[in-house]
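Understanding the architecture of this molecule
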Amino acid sequence: MRRSIIACLLVLLAAQPAAAADPELEPGRLVRLPDGRKLNFRCTGSGAPTVVLEGGYGANSLAWEPVRRLVQGKLRVCSYDRAGYGFSTPGPLPRDGASIARDLDRGLRAARIGGPFILVGHSAGALYVRSFYARRPRDVAGMVLVDPSVEYQDRRFAAAFGPGAGGLQPLRDRAARCLGAAETRLLPSTEPSLERCTPKPNANLSEAVNAARLAASLEPGTWLTQVSELETLLTSTSDQIAAGPQSYGALPLIVLTADGTYAAAPEPARAALGTLWYGLHRELARRSSAGESRLVAGSSHLMTRDKPAVIADAILEIAAKTKSAKVN
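Residues numbered from 1 in each chain as written. Predicted model: local features only at pLDDT ≥ 70, side-chain atom pairs only at ≥ 80, totals over all residues. Heavy atoms only, no water.

For the rest of this paragraph, the subject is helix α8 (residues 220–233). Taking 1.5 Å as the rise per residue, α8 with 14 residues should run 20 Å; its terminal C-alpha atoms sit 20 Å apart, in good agreement. Burial in α8 covers these residues: G221, T222, W223, T225, Q226, V227, S228, E229, L230, T232 and L233. Those residues of α8 hidden inside the fold are in contact with α3 (97–110), α4 (124–135), α6 (169–183), α7 (207–217) and α9 (236–243). (Helix = DSSP H or I, 4+ residues; strand = E, 2+ residues; numbered from the N terminus. Expected span 1.5 Å × (residues − 1). Buried < 20%, exposed > 50% of the residue type's maximum accessible area, 1.4 Å probe, protein only. Contact = heavy atoms within 4.5 Å.)

Right, dumping it as structure tokens:
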């Protein structure tokens, strides 16, 4: 499915050639998958292992820019747009962990980006890099999981706080409303339930970038992708993780937990939610005998924005451990 956003971008680029330097207006490197679809990679730097960055729900490759800039001077680092995001072609449904990991695998091969890899996943992206690990464990040198989603986390939250706690239904319902409105060409809209489907102009961004962001939000494919990811994250994606490796051996692994993920929750639930969240991450770190769990102070769930240096330091620490293991 060809997305009209590309046509919009071409018009914008032709009208405002100076804006072409903005990465939001041009792809990095588009590679072709076996079925003809394209994935967009943004790779910079040099040195091994290669760092592969996987974004969370709704995030494209540019969400990693603060981290990538800190790492590229020492390692080769690649972010990419999942199918249906940014400049990558939408993919067939469902958009679950197995599909996303398969796309990444084939995309890396098509781009001739070889391992070993340090996999870095934020939020939902942590489940996706773990799915990739299940496909190519011998090519993975280490992992950094950033405030990660955990398989079946809704069950753990519901057991502690009651039905619906920790679930994704509100996010899924919102994405479904946006999808319906996009399909019927009702966006942009001032209706309260649809107003957030389209981004407001950002004074810090160029007119061309704001227009490109708006164009992407009007595409049904954008919302179809997001609805499918949300519908599968705690169902089939979690099933796939549960059926995969339960131990990562001695794989270098760092799990970073934001201390402010539940900062907006009222007390006394706030402290209990944070304790459960950190506990799930400590359990995840124990999947590796070399795993470590760390609480990151002063960060919201959007750690890629709030604390990029902490993530970059963890990546470089994992890289140092892989190099030390080779020497020994």
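So, on to α6. With 15 residues, α6 extends 21 Å from end C-alpha to end C-alpha; this agrees with the ideal 21 Å at 1.5 Å per step. Residues A175, C178, L179, A181 and A182 constitute the buried set of α6. Viewed along the axis of α6, the buried residues span an arc of 165°, placing them on a single side of the element. Every exposed residue of α6 that faces more than 90 degrees away from the buried side is listed here: P170 and E183. (Arc of directions from axis to C-beta.)

All right, on to the pattern of salt bridges then. The final tally for this structure, using the stated rule, is 22 salt bridges. A salt bridge links E283 to R156, with the shortest nitrogen-to-oxygen separation between them at 2.8 Å. Within this pair, whereas E283 is found in helix α10 (residues 269–285), its partner R156 is found in helix α5 (residues 153–161), the two being separated by 127 residues in sequence. What makes E283 partly exposed here is its relative accessible area of 32%. Between R172 and D173 there is a salt bridge, with the nearest N and O atoms lying 3.9 Å from each other. Taken together, the shared-partner salt bridges connect D105, R109, R135, R136 and D139 into one network. (Salt bridge = Lys/Arg side-chain N within 4 Å of Asp/Glu carboxyl O.)

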